[in-house]
Amino acid sequence: NAGVTQTPKFRVLKTGQSMTLLCAQDMNHEYMYWYRQDPGMGLRLIHYSVGEGTTAKGEVPDGYNVSRLKKQNFLLGLESAAPSQTSVYFCASNRPGNTIYFGEGSWLTVV
Amino acid sequence: RKEVEQDPGPFNVPEGATVAFNCTYSNSASQSFFWYRQDCRKEPKLLMSVYSSGNEDGRFTAQLNRASQYISLLIRDSKLSDSATYLCVVRKQEYGNKLVFGAGTILRVKS
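Note that the structure is predicted; figures quoted are calculated from it, not measured.

Thresholds applied
Residues numbered from 1 in each chain as written. Chains lettered and ligands numbered in written order. Predicted model: local features only at pLDDT ≥ 70, side-chain atom pairs only at ≥ 80, totals over all residues. Heavy atoms only, no water. Salt bridge = Lys/Arg side-chain N within 4 Å of Asp/Glu carboxyl O. Buried < 20%, exposed > 50% of the residue type's maximum accessible area, 1.4 Å probe, protein only. Helix = DSSP H or I, 4+ residues; strand = E, 2+ residues; numbered from the N terminus. Polar contact = N/O pair within 3.5 Å; in protein donor to acceptor, adjacent residues only side chain to side chain. Contact = heavy atoms within 4.5 Å. Buried area = accessible area lost by both parts, 1.4 Å probe. Nonpolar A, V, L, I, M, F, W, Y, C, P; charged D, E, K, R; others polar.

Caption draft 1: Region of interest: the pattern of salt bridges. Scanning the model with the defined rule gives 7 salt bridges over all chains in all. Measuring nitrogen to oxygen at the nearest pair gives 2.9 Å for the salt bridge that ties Arg44(A) to Asp38(A). For the pair Arg44(A) and Asp38(A), a shared accessibility class is recorded, and that class is buried. A salt bridge links Asp39(B) to Arg37(B); the shortest N-O distance between them is 2.8 Å. Residue classification places Asp39(B) among the partly exposed positions, given a relative accessible area of 32%. Residues joined by salt bridges that share partners form a network here, namely Arg36(A), Asp38(A) and Arg44(A).

Caption draft 2: Inspection of the side chain of Gln6(A) at higher detail. Residue and element names in this part refer to chain A. The residue Gln6 is located in strand β1 (residues 4-7) in this model. With relative accessibility at 2%, the residue Gln6 sits in the buried group. Here the side chain of Gln6 touches Gly105 through a polar contact of 3.1 Å, landing on its backbone nitrogen. At 3.0 Å, the side chain of Gln6 and the side chain of Ser106 are in polar contact.

Caption draft 3: Examining the interface of chain B and chain A more closely. Across the boundary between the two partners, chain B contributes 18 residues, which contact 24 residues of chain A. Both faces combined, the contact of chain B with chain A buries some 1700 Å², and carbon together with sulfur accounts for 56% of it. At the boundary of chain B with chain A, the tally comes to 3 residue pairs in polar contact (both at pLDDT 80 or more). Put simply, the parts of the chain that give the side of chain B that touches chain A at least two residues each are β4 (32-38), β5 (44-50), β9 (84-92) and β10 (98-101) of chain B. In terms of residue count, the dominant contributor to the side of chain B that touches chain A is β10(B) (3 residues). Residue composition of the side of chain B that touches chain A, by class: 8 nonpolar, 4 polar and 6 charged.

Structure (structure tokens):
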């Protein structure tokens, strides 16, 4: 049982490059989320989705885009990476009102 | 002011000690409360939910005071394996059950 899987786990980008983080869950969860975690800041919600084909902005959405074309996948895109986007990114999923499960994280460095 | 505030620590305690963590939240609309544990370079995992009546899970006791908007976690008989960051988390019935995370309190248990 894989749970929530994120790819890639590590990536180094140059400023201005683009990339996509993929999150896949095999638990048939309706809700999916992308968080970023920075030292001293706690996890902050970037974007979230309450179902296939729907997305919404969280606390810190600027510089990111998302898509949820299939229920099991939630993609996070950086169109033009900036050093301020150096962070650890966590994907999570759950059924409404139930425990949230996190992926193992993706470490992104923008130089 | 952060929506969820915690003392960052670190708390350095010997094995067998009792240690208490505190957390305050600013949004009275917060509906659910949790403690998550996060090991170094790992994803957060649910430790326990927090109920107004107080609840216990083995060596761990959680308390909630809605009037004071205050949450606590007590760990008795600390083990080396308890060393981790403890995240105070509140959930609001918006943003698809959005979780708001504190920045975490670091616990180091030493032999």
